[in-house]
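Descriptive structure summary
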Amino acid sequence: MVFTSVVNFVRSRGPDEFWRKRKVFRLAAAFQGRKRNCYSIAIRYVHRALVYATKGRKLKKIDMKNLFETRVQAACEQHNVGYATFREGLVRSDIMLNRKTLADLACWEPYTFKALTDIAQRKAVDDGLLDLKNADSLDSTITRGIITDSVKPK
Amino acid sequence: MSNKLFLLPALVSAPSQNGVGRYVGQLQRVVLKFCKNNGSSRGMRDFIESGLVNFAKENPGVVVYLKPRRHRSPIIKAEYLNGDTQWMSVRNFPQEEILKWLTLLNTQAQCHNGQRLRRLWFTEHPSIQGPWTPYTFRDPSLNLVSFPIEELAQPKDLPKSSEEELLELFKKQKLQEVESKRAE
């Protein structure tokens with residue numbers, strides 16, 4: 001017996017179902033098990049993943065800022081300069097470097113970073129932010145303010 | 001990883017420093033399949049009539065094949081020097097777009113489909129001065145020393161103890177007494 005009219009009762013949902021679901025599966029490609037392969041399960045977790053991605057954009061910036069700050073603090077503490085003093089001294093010397101650049105310098109160019117701590121320390125001592133016992137060790141560092149202050153027109 | 005939808009992480013790379021010295025175009029051959037009659041290949045046919053010869057003249061290192069195939073969508077298939085192949089459908093594309101995509105395939109070194117770039121930059125030498133190590137700012141004489149060392153075990157900035165302050169005051173007082181006696 002061949003039932004030819006049964007075929008007519010099949011409702012096609014449309015020709016693009018494969019590609020519509022494929023867009024979801026692309027986002028779920030890294031998931032585990034049925035969350036990766038079964039559509040109705042995957043769509044739920046894809047929605048959650050997208051929400052996390054939206055929230056995470058803000059959190060990533062905060063986390064990276066904290067990471068850079070930790071690194072810069074560790075690096076300048078090694079040279080006996082506090083983080084706040086360091087940044088204030090740099091800003092007052094017109095060296096506008098952001099946390100990311102400072103952290104990269106601290107990791108990859110440590111001697112450049114040491115020079116920056118020297119400049120910041122010198123500026124801080126000159127401006128009275130920092131009280132150092134042996135400020136003579138800073139004499140090798142010269143900042144702009146020293147030259148203009150000491151060489152006054154007569 | 002048999003999951004074809006998973007994007008593989010990749011780094012920016014140029015094959016054997018291409019472009020640092022001489023630049024060699026990495027596109028080896030390009031196959032343009034089109035239909036001679038169907039409307040979806042109109043842009044492709046227009047491109048073949050107008051812009052293709054210029055493209056071939058400007059890029060003598062690229063072999064261009066034309067394959068007229070009836071009742072098929074128009075396609076560009078690119079093969080690179082490292083063996084990568086990439087095909088893209090240009091169905092209903094205008095001829096300017098086809099030229100644009102062809103230029104992209106020409107300037108690529110490999111097929112980037114299914115890859116996500118981890119970083120938009122790459123360097124083999126991230127550090128010039130040498131990366132920081134815990135030994136960068138350590139005194140090397142510490143290599144030849146046996147611990148414990150009394151001096152290094154002391155705190156760096158010890159404030160004056162009250163005993164020391166009293167002693168100093170006492171000495172000052174004594175000096176003042178002597179000087180006042182001398183003044184008399």
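Residues numbered from 1 in each chain as written. Chains lettered and ligands numbered in written order. Predicted model: local features only at pLDDT ≥ 70, side-chain atom pairs only at ≥ 80, totals over all residues. Heavy atoms only, no water.

**With respect to the packing of aromatic side chains**
Residues and elements named next belong to chain A. Selection rule: Paired rings are identified among Phe, Tyr and Trp, the last through its six-membered ring, by centres lying within 6.5 Å, and are further divided according to the angle between planes into stacked (under 30 degrees), edge-to-face (over 60) and tilted (the rest). Strands are runs of DSSP state E lasting at least two residues, helices are runs of H or I lasting at least four, and both sets are numbered from the N terminus onward.
Across all of its chains, the model carries four aromatic pairs over all chains by this definition. The interplanar angle of 85° and the centroid separation of 5.1 Å between the aromatic rings of phenylalanine 18 and tryptophan 19 together place this pair among those described as edge-to-face. Each ring, one from phenylalanine 86 and one from phenylalanine 113, has its centre 5.1 Å from the other, and the planes form 45°; the classification is tilted. Residue phenylalanine 86 is found in helix 4 (residues 83-92), and its partner phenylalanine 113 is found in helix 6 (residues 110-127); the two are separated by 27 residues along the sequence.

**Section: the interface of chain A and chain B**
Short version of the rule: Any two residues whose heavy atoms approach within 4.5 Å are treated as being in contact. Once two parts are put together, the accessible area they lose, assessed with a 1.4 Å probe and summed over both, is termed the buried area. Counted as salt bridges are all cases of a side-chain nitrogen of Lys or Arg within 4 Å of a carboxyl oxygen of Asp or Glu. Counting of polar contacts relies on pairs of N or O atoms within 3.5 Å, with two restrictions inside protein: one atom must be capable of donating a hydrogen and the other of accepting it, and residues adjacent in sequence are counted only when both atoms are side-chain atoms. Here the term charged refers only to Asp, Glu, Lys and Arg, the term nonpolar to Ala, Val, Leu, Ile, Met, Phe, Trp, Tyr, Cys and Pro, and the term polar to all other amino acids, Gly among them.
Contacts between the two partners involve 18 residues from chain A, matched on the other side by 15 residues from chain B. Looking at the side of chain A facing chain B, the largest losses of area belong to Gln78, Trp108 and Tyr111 of chain A, adding up to 33% of the total buried there. Counting across the chain A and chain B interface gives zero salt bridges. The interface formed by chain A and chain B contains seven residue pairs in polar contact (both at pLDDT 80 or more). Looking at the side of chain A that touches chain B, the elements with two or more residues in it are helix 1 (17-27), helix 5 (99-108) and helix 6 of chain A. For the side of chain A that touches chain B, the element with the most residues is helix 6 of chain A, which contributes four residues. In terms of residue class, the side of chain A that touches chain B is made up of eight nonpolar, four polar and six charged.

**Topic: the UniProt feature "domain: Ribosomal protein/NADH dehydrogenase" (unreviewed entry) in chain B**
Quick note on the threshold: UniProt positions are given in the numbering used here, feature names are shortened, and annotations may be inferred rather than shown by experiment.
When the UniProt feature table is mapped to this numbering, "domain: Ribosomal protein/NADH dehydrogenase" (unreviewed entry) covers residues 36-109 of chain B. Structurally, residues 36-109 of chain B comprises 39% helix and 23% strand, and the distance from its first C-alpha atom to its last is 31 Å.

**Looking at the domain arrangement of chain A**
Selection criterion: The split of the chain into domains comes from an automatic or database domain assignment.
Domain assignment breaks chain A into domain 1 (14-58) and domain 2 (65-151). Put simply, the middle of domain 1 of chain A and the middle of domain 2 of chain A, counted by C-alpha atoms, are 49 Å apart.

**Section: the environment of threonine 117 of chain A**
All names here are of chain A. For threonine 117, the position within the fold is in helix 6. Once the C-alpha coordinates of threonine 117 and aspartate 127 are considered, the two residues, 10 residues apart in sequence, prove to be 15 Å apart. If we skip the residues at most four places from it in the chain, threonine 117 touches Cys76, His79, Val81 and Phe86.

**Re the confidence of the model for chain B**
The test is simple: Per residue, pLDDT measures the predictor's confidence, with a range of 0 to 100.
When pLDDT is averaged along chain B, the result is 93, and 99% of the positions lie at 70 or above. Both confidence scores are given for the complex: pTM 0.76, ipTM 0.77.

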